[in-house]
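If you want the building blocks of each chain, they are given just below.
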Amino acid sequence: MMTEGMFTNYFLPGIWITIQVTLYSAALGVVVAFAIGTLRTSRLWIVRFLAGCYFEIFRGMSALVLMFWLVFSLPLLLEWRLVPMFAGVLALGLTYGAYGSEVVRGALAAVPEGQREAGIALSFTRWQRLRRIEIPQAWPDMVPPFNNLLIELLKGTALVSVITVADMAYAGNLVRLGSNESAPIYTLLLVLYFVLAFTLTRGMRVIERRANANVGKPQPRGGLLARLSLRESAGEGSGALTTGGAAK
């Protein structure tokens, strides 16, 4: 039977490891996403080709198999061994960074061409146009898909348990073996992953609202109910205008 000591000694350290793997992998993934995403918008075909090769290769790879390769195959080639946690972060960051690069590329491509031409007219370099014009306008469109990728990354961190990283999934399996109980252990794991995912989502919503406000598109702060009420109010207002117009 699972006790409070099992939760304190196994699950709490596992939660902390899961959070660390998520944050480190997300940081690496963001760097990769912006680097590859912007390179895929380059005017040089060779740069676009190489960035596209990275995108296609890592998008088509299994993150789990990549972890196995980094832990078990890479040492045979280079004669030095990666720390399992570092290998897991590297595999997840490179893989989800490839997914994120498509988000960056698509958002940058959606920036109006006139904005780029204005930057050229001001004699901005490519880096200056990206930093001052394109990325600030594209960022609000990147946040929602980045939010989805971050949640997928959080759930994907469970893969590191198979390379002996003591995350929540690894801790849950140890407790299950020690207590011979599966249903309560896996139910608790589901709840823990949901709580972490919900917390990340709330944080990303704050970032999304601020990003929209920076470009003049503030979002309602009350969630779904507030948005529904605003739509109903807008519908009543339009109906009143229509009625008033008909009366005239």
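The name given to the protein chain in an unreviewed UniProt entry is Ectoine/hydroxyectoine ABC transporter permease subunit EhuC, and the organism recorded there is Streptomyces triticirhizae. What UniProt records for the protein chain under Subcellular location (unreviewed entry) is the sentence "Cell membrane". Taken verbatim from the UniProt record of the protein chain, the Sequence similarities (unreviewed entry) comment is "Belongs to the binding-protein-dependent transport system permease family."

Participant: Explanation requested: a nonpolar patch on the surface in the structure shown.
Facilitator: On the surface, Leu44, Trp45, Ile46, Phe49 and Leu50 cluster together into a nonpolar patch covering about 570 Å² of accessible area. Mapped onto the elements of the fold, tryptophan 45 is located in helix H2 (residues 45-59).

Participant: I tried to follow the pattern of salt bridges on my own but got confused; where do I start?
Facilitator: If charged atoms from side chains of opposite charge come close, those side chains can pair. Per the counting criterion, the structure on display carries seven salt bridges. Measuring nitrogen to oxygen at the nearest pair gives 2.6 Å for the salt bridge that ties glutamate 102 to arginine 40. Residue glutamate 102 is found in helix H4 (residues 84-109), and its partner arginine 40 is found in the loop between helix H1 (4-39) and H2; the two are separated by 62 residues along the sequence. Residues participating in the shared-partner salt-bridge network are Glu113, Arg116, Arg126 and Glu134.

Participant: Just checking my understanding: could you explain the nonpolar core for this structure?
Facilitator: Inside soluble globular proteins, nonpolar side chains tend to come together where they are buried. In this structure, Tyr54, Leu70, Leu92, Met142 and Phe146 are the most contacted members of the largest nonpolar core, which totals 41 residues. Of all the secondary structure elements, the ones that give two or more residues to this core are H1, H2, helix H3 (63-78), H4, helix H6 (126-156) and helix H8 (183-214). With eleven residues, the single largest contributor to this core is H4. Leave out the neighbours within four places in its chain, and methionine 142 touches Phe34, Val103, Val104, Ala107 and Leu108. Judged by nonpolar contacts, the second largest core, of 14 residues, contains Ile15, Ile151, Leu154 and Leu192.

Participant: Got a minute to help me understand the confidence of the model for the protein chain in this structure?
Facilitator: Low-pLDDT stretches of the model should not have their predicted coordinates read in fine detail. The pLDDT averaged across the protein chain works out to 85; a share of 85% of its residues lies at or above 70. In the model, residues 240-248 has pLDDT below 50 throughout and makes zero contacts with residues more than four positions away in sequence or in other chains.

Definitions and cut-offs
Residues numbered from 1 in each chain as written. Predicted model: local features only at pLDDT ≥ 70, side-chain atom pairs only at ≥ 80, totals over all residues. Heavy atoms only, no water. UniProt positions renumbered as here; feature names shortened; annotations may be inferred. Patch = residues over 30% accessible without salt bridge, like charges linked within 9 Å, V, L, I, M, F, W, Y side chains within 5 Å. Areas by Shrake-Rupley, 256 points an atom, 1.4 Å probe, with all protein chains shown as cover. Salt bridge = Lys/Arg side-chain N within 4 Å of Asp/Glu carboxyl O. Helix = DSSP H or I, 4+ residues; strand = E, 2+ residues; numbered from the N terminus. Core = buried A, V, L, I, M, F, W, Y, C linked by side-chain atoms within 4.5 Å. Buried < 20%, exposed > 50% of the residue type's maximum accessible area, 1.4 Å probe, protein only. Contact = heavy atoms within 4.5 Å. pLDDT = per-residue confidence, 0-100.

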